[in-house]
Amino acid sequence: MRQFVTPTVLSVCVATMLPFAVNADEAAVSRLPRVSENSPDPIVKAMFADSKARGGQVINLQLTLANAPKLAQATQVLAYAIRYDASVPRQYRELAIMRTAQIAGSDYELNQHRPMVLACGFTAAQTDGIARWRANKLFDAKQRAVLAYTEEVAHGGNVSDATFDALSKEFSPQEILEITLTITHYYDTALVTKALKIKIEDDGRKAAPGTC
């Protein structure tokens, strides 16, 4: 004797199974395959371990870039050198990163770096006013010099003598190079997040702890 499953019973079965249909380690994070956090690749394992050792978490950007382990590793080394090893105070680097992300239109970077900007002592009003810094009085001369330079670098790199001179009065040659590499690296990363449609983390994962 044939038995038939009614639509109601079928719906209940499907609804029951849905929470288990997609493993968290397999959920899509971009247009590319998501690399497992338990990847056996030694380079990927070292990258992810380094992130965790520094107090951060493995974010969607890393889970995407790990599709090309050697290039991902080189990218992470540069990002961490900018974050932890530069001589220019972190607040100026984060200010440059935020303005760069705004110009490049990377919501992903803005989501990751807003907490870092706040952790570096900027108020919520200042953070919200970065894009309109020319029209407000929320930033001092040194911060405005960084913002002006960032805009000209991110808009094509044709920095005027006046803008460069203003920056040179506030920062050493080494610091200027660090700021420049910060801008260009994060502009590049912004394009990657957009081209590959890397998803903003919805579970609170951050690349770095909330400290400056």
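Structure first, text after, so check above.
Predicted model only: the values in this text are computed from it and were never measured.

### Section: the overall build of the protein
Working step 1: Secondary structure assignment for the protein yields 10 helices and zero strands.
Working step 2: When its helices and strands are written in sequence order, the protein yields α-α-α-α-α-α-α-α-α-α.
Working step 3: For the protein, the proportion of its 212 residues judged to be buried stands at 41%.
Working step 4: Relative to all contacts within the protein whose residues are 6 or more apart in sequence, the contacts with residues 24 or more apart total 68%.

### A word on the environment of Lys-206
Working step 1: If you trace the backbone, Lys-206 turns up in the segment after helix H10 (173-195).
Working step 2: What makes Lys-206 partly exposed here is its relative accessible area of 22%.
Working step 3: Here the alpha-carbon distance between Lys-206 and Gln-57, two residues 149 residues apart in the chain, equals 5.7 Å.
Working step 4: Setting aside residues no more than four positions away along its own chain, Lys-206 makes contact with Gly-56, Gln-57, Ile-59, Asn-111, Gln-112 and Pro-115.

### A short note on the packing of aromatic side chains
Working step 1: Going through the model one piece at a time under the given rule, you end up with four aromatic pairs.
Working step 2: Between Phe-122 and Phe-139 the ring centres are 6.5 Å apart and the planes differ by 50°, which places this aromatic pair in the tilted class. Of this pair, Phe-122 sits in the loop between helix H6 (107-119) and helix H7 (124-128) while Phe-139 is found in the loop between H7 and helix H8 (141-154), placing the two residues 17 residues apart along the sequence. Take Phe-122 and Phe-139: they sit in the same class, and that class is buried.

### Quick word on the packing of helix H2 (residues 42-53) against helix H4 (residues 69-85)
Working step 1: Following both chains from N to C, one finds H2 and H4 inclined at 25°, their axes separated by 9 Å at the closest point. Accordingly, the angle class assigned to the pair H2 and H4 is roughly parallel. Both H2 and H4 take part in a crossing whose hand is left-handed. Listed contacts from H4 to Ile-43, Val-44, Met-47, Asp-50 and Ser-51 of H2 are Pro-69, Lys-70, Ala-72, Gln-73, Gln-76 and Tyr-80.
Working step 2: The residue inventory of the contact of H2 with H4, partitioned by class, reads six nonpolar, three polar and two charged.

### Quick notes on H2
Working step 1: For H2, which comprises 12 residues, the first-to-last C-alpha distance of 16 Å matches the rise-based estimate of 16 Å (1.5 Å per residue) to within 8%.
Working step 2: Among all positions in H2, only Ile-43, Val-44, Met-47, Phe-48 and Ser-51 are buried. Down the axis of H2, the buried set is contained in an arc of 130°. They therefore lie on one face. When the buried face of H2 is taken as reference, the exposed residues oriented beyond 90 degrees from it are Pro-42 and Ala-53.
Working step 3: Those residues of H2 that are buried are in contact with helix H3 (60-65) and H4.

### Describing the nonpolar core
Working step 1: Core analysis: the biggest nonpolar cluster contains 14 residues, and Val-146, Tyr-149, Leu-167, Phe-171, Ile-179 and Ile-183 have the highest contact counts within it.
Working step 2: Secondary-structure elements contributing two or more residues to this core are helix H5 (90-104), H8 and H10.
Working step 3: Ignoring any residue separated from it by four or fewer positions in sequence, one finds Phe-171 in contact with Val-88, Tyr-92, Lys-142, Val-146, Ile-176 and Ile-179.

### Focus: the state of the cysteines
Working step 1: What the rule picks out here adds up to one disulfide.
Working step 2: Between the sulfur of Cys-120 and that of Cys-212 lies a disulfide, 2.0 Å long from S to S. The S-S bond linking Cys-120 to Cys-212 shows a torsion near 90°; that makes this disulfide right-handed. Residue Cys-120 is located in the loop between H6 and H7, and its partner Cys-212 is located in the segment after H10; the two are separated by 92 residues in the primary sequence.
Working step 3: On the basis of relative accessible area, Cys-212 is assigned to the partly exposed category, the value being 48%.

Criteria and thresholds
- Residues numbered from 1 in each chain as written.
- Predicted model: local features only at pLDDT ≥ 70, side-chain atom pairs only at ≥ 80, totals over all residues.
- Heavy atoms only, no water.
- Helix = DSSP H or I, 4+ residues; strand = E, 2+ residues; numbered from the N terminus.
- Buried < 20%, exposed > 50% of the residue type's maximum accessible area, 1.4 Å probe, protein only.
- Contact = heavy atoms within 4.5 Å.
- Phe/Tyr/Trp six-rings, centres within 6.5 Å; stacked < 30°, edge-to-face > 60°.
- Axes fitted to C-alpha atoms, helices over the stretch in contact; angles between N-to-C directions.
- Parallel < 35°, antiparallel > 145°, perpendicular 65-115°, else oblique.
- Left-handed = near helix turned anticlockwise from the far one by under 90°.
- Nonpolar A, V, L, I, M, F, W, Y, C, P; charged D, E, K, R; others polar.
- Expected span 1.5 Å × (residues − 1).
- Arc of directions from axis to C-beta.
- Core = buried A, V, L, I, M, F, W, Y, C linked by side-chain atoms within 4.5 Å.
- Disulfide = S-S within 2.5 Å.

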